[in-house]
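# What the coordinates show
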Amino acid sequence: MVALLCLGVVFHGARVGQILQNMTAINWWWVALAVICDILGFVSQGFRWQLLLRPIGNVSVIQTTQAIYAGLFISEVLPMRFGELARAYLISRWISAKFSSTIPSIIIERLFDGIWMALAIGLTAIFVPLPRNLVKAGDTLGIIVLVFTGLFIYVVFRKRKGSLEGAYKEHSGWKPIQSVMSFTERMDAGLRNIGMSPLFYVSFGISIFILVFQALAFWLAMLAYGLSTPFWVGVVVFLIVHLGTVIPNAPANVGTYQFFCVVGLTIFGIEKTLATGFSVVVFVLLTIPLWIIGFFVLSRSGTTLYAIRSEVNTLLQRTGIERKNEKINP
């Protein structure tokens, strides 16, 4: 419903004939560069994830990048970004690790992304007069990031007087509490292991390249469509789209992606029909390669989308059972 509403607003008043005519003038050399930059962004993410996974096992950058693409493809097909859990499951299979042990690395990835996004909005606001709503969104994001950064620092550096083992035994008959406590203890240990690793800081630095390559791909797509705007304009519009699609919604962010893209472009005086056409074109140009690569990786993974979904749901329900098995077979 939200997707349809957003698409209705995007296409209201836009001249479809002019949009189709503009599409025939796309510069495919700029498109090729945009796709390359987008791929480099995901490879950078694969490199970062490979470093974060070191405490639990050795995995190649190719494998982590493949898992990321497979997860992105699944998130495009299914709502609520189920692909994040799916890529964790794939990696756990490839390195013979427990599924739950890969989750802390993804949590830290999201923290890194939030920090760099907040910094990007703050630095941009120094040089560019940003829309008030974007500044407010950046402030809100900054507060959220500060809170979670503080929690992460507390988890990593606090002095542990013991584990949750005593409380775990006390509530051993309460299966829901037992599962929650077991999962919490695993996350706590996983976050500590990653946070104490020297590679933690390297992976944080690599995170900026993900954002840069993605923003560059977006701007190059603007040039391909004939929008000869400065790079900083492309960055601001990219940040608006990125913030607007943070909350999980329809599969592939259809509707909301186009809506926030048009909002960002019209802020800089770009005509509605031109902005609407670009919002569709950039979505297709940067999404189709993702679908193709993700589909290929998933088809070569030795499993199916249905099997991954069923297995992940089962593993989430068994977090407490895994803990029991560890106690019986240390």
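The model shown is predicted, which means the values in this text are computed figures rather than measured ones. (Residues numbered from 1 in each chain as written. Predicted model: local features only at pLDDT ≥ 70, side-chain atom pairs only at ≥ 80, totals over all residues. Heavy atoms only, no water.)

### Points about the overall build of the chain
How we decide: In this description a helix means any DSSP run of H or I spanning at least four residues, a strand means any run of E spanning at least two, and both kinds are numbered starting from the N terminus. Three exposure classes are used, based on accessible area relative to the maximum for each residue type with a 1.4 Å probe and protein chains only: buried under 20%, partly exposed in between, and exposed over 50%. Every residue pair with non-hydrogen atoms within 4.5 Å of one another is taken to be in contact. Only the protein chains shown count as covering a residue, and every accessible area follows the Shrake-Rupley method with a 1.4 Å probe.
Helices and strands together make up the secondary structure of the chain, namely 15 helices and zero strands. The proportion of buried residues among the 330 residues of the chain is 49%. Contacts spanning at least 24 positions in sequence make up 75% of the contacts within the chain whose residues lie at least 6 apart. Just so you have it, the chain exposes about 16,700 Å², and 69% of that area is on carbon and sulfur atoms.

### Details of the nonpolar core
Let me state the cut-off plainly: For this analysis, a nonpolar core means a set of buried residues of the types Ala, Val, Leu, Ile, Met, Phe, Trp, Tyr and Cys, connected via side-chain atoms within 4.5 Å.
Counting 62 residues, the largest nonpolar core has I108, F218, L265, F278 and V282 as the members making the most contacts within it. Mapped by element, the contributors of at least two residues to this core are α3 (28–52), α6 (99–127), α7 (132–157), α9 (175–195), α10 (199–224), α11 (231–244), α12 (256–267) and α13 (272–299). Looking at which element gives the most residues to this core, the answer is α10, with 11 residues. Grouped together as the second largest cluster of nonpolar side chains are 29 residues, A70, I74, I95 and I103 included.

### Quick word on the pattern of salt bridges
Going by this rule: Any carboxyl oxygen of Asp or Glu within 4 Å of a side-chain nitrogen of Lys or Arg constitutes a salt bridge here.
In the structure shown here, the tally under the stated rule is seven salt bridges. Where R87 meets E109, a salt bridge forms, and the shortest distance between an N and an O atom there is 2.6 Å. Separated by 22 residues along the polypeptide, R87 in helix α5 (residues 83–94) and E109 in helix α6 bring together distant segments of the chain. A relative accessible area of 0% places E109 in the buried class. Of the charged contacts in the structure, one is a salt bridge between D113 and R110, with a shortest N-O distance of 2.6 Å. Placement of the pair is D113 and R110 together in helix α6, with a separation of three residues, close to one helical turn. Because the salt bridges share partners, they merge into one network encompassing R48, E84, R87, E109, R110 and D113.

### Thoughts on empty space enclosed by the protein
Heads up, the condition is: Whether a set of points on the 1 Å grid over the protein atoms alone is a cavity depends on a 1.4 Å probe fitting there but being unable to get out, while an open set qualifies as a pocket with protein on both sides within 12 Å along at least five of seven lines; lining residues are those with an atom within 4 Å of a point. Grid points are joined across faces, edges and corners, and a volume is the space filled by probe spheres set on the points.
Overall, the coordinates contain one cavity of 30 Å³ or more when judged by the stated rule. Contributing to the lining of the largest cavity are V35, D38, I39, F42, Y69, L286, P289, L290 and I293. For the lining of the largest cavity, the elements supplying multiple residues, two or more each, are α3 and α13.

### Section: the layout of surface pockets
Put simply, the test is: Residues are grouped as follows: Ala, Val, Leu, Ile, Met, Phe, Trp, Tyr, Cys and Pro are nonpolar; Asp, Glu, Lys and Arg are charged; all remaining types, including Gly, are polar.
The calculated volume of the second largest pocket comes to roughly 300 Å³. Lining the second largest pocket are 15 residues; nearest its centre among them are A120, L123, T124, L211 and V235. Going through the elements one at a time, α6, α10 and α11 are the ones with two or more residues in the lining of the second largest pocket. The greatest single-element share of the lining of the second largest pocket, amounting to six residues, is contributed by α6. Of the residues assigned to the lining of the second largest pocket, the class counts are 14 nonpolar, one polar and no charged.

### Here's the deal with the side chain of S44
Topologically, S44 is positioned in helix α3. For S44, a relative accessible area of 11% gives the class buried.

### Here we look at unusual backbone geometry
Despite not being glycine, S96 has its phi angle at roughly 55°, a positive value. By secondary structure assignment, the location of S96 is in the loop between α5 and α6.

### Some details on the packing of helix α4 (residues 61–77) against α13
Keep this limit in mind: Where helices are involved, their axes are fitted lines through C-alpha atoms of the stretch in contact, as for all axes, and angles between N-to-C directions lie from 0 to 180°. Here is the rule for angles: anything less than 35 degrees is roughly parallel, anything more than 145 is roughly antiparallel, 65 through 115 is roughly perpendicular, and the remaining ranges are oblique. Whether a crossing is left-handed or right-handed is set by the direction in which the near helix is turned from the far one by less than a right angle, anticlockwise for left-handed and clockwise for right-handed.
Across the interface, α4 lies against α13 with an axial gap of 8 Å and an inter-helix angle of 115°. Classified by the interaxial angle, the pair formed by α4 and α13 is roughly perpendicular. Classified by chirality, the crossing of α13 by α4 is left-handed. Contacts from Q66, Y69, A70, L72, F73, I74 and E76 in α4 reach T287, L290, W291, I293, G294, F295, V297 and L298 in α13. Looking at the contact of α4 with α13 residue by residue, the class counts come to 11 nonpolar, three polar and one charged.

### Structural notes on α13
Rule in force here: For a helix, the expected span equals 1.5 Å multiplied by the residue count minus one. The definition of a polar contact used here is a pair of N or O atoms within 3.5 Å, where within protein one atom must be able to donate a hydrogen and the other to accept one, and adjacent residues in sequence count solely through side-chain atom pairs.
For α13, spanning 28 residues, the distance from its first C-alpha to its last is 40 Å, which sits close to the expected 40 Å at 1.5 Å a residue. Between a side-chain oxygen at the N-terminus of α13 and the backbone nitrogen of T273 the separation is 3.1 Å; the capping residue is E271.

### Section: a nonpolar patch on the surface
As a reminder of what qualifies: Here, patches come from residues exposed beyond 30% relative accessible area and free of salt bridges, joined within 9 Å for like charges and within 5 Å for nonpolar side chains (Val, Leu, Ile, Met, Phe, Trp, Tyr).
On the surface, a cluster of nonpolar side chains totalling about 480 Å² of accessible area is made up of I143, I144, V147, F148 and L151. Relative to the elements of secondary structure, L151 occurs in helix α7.

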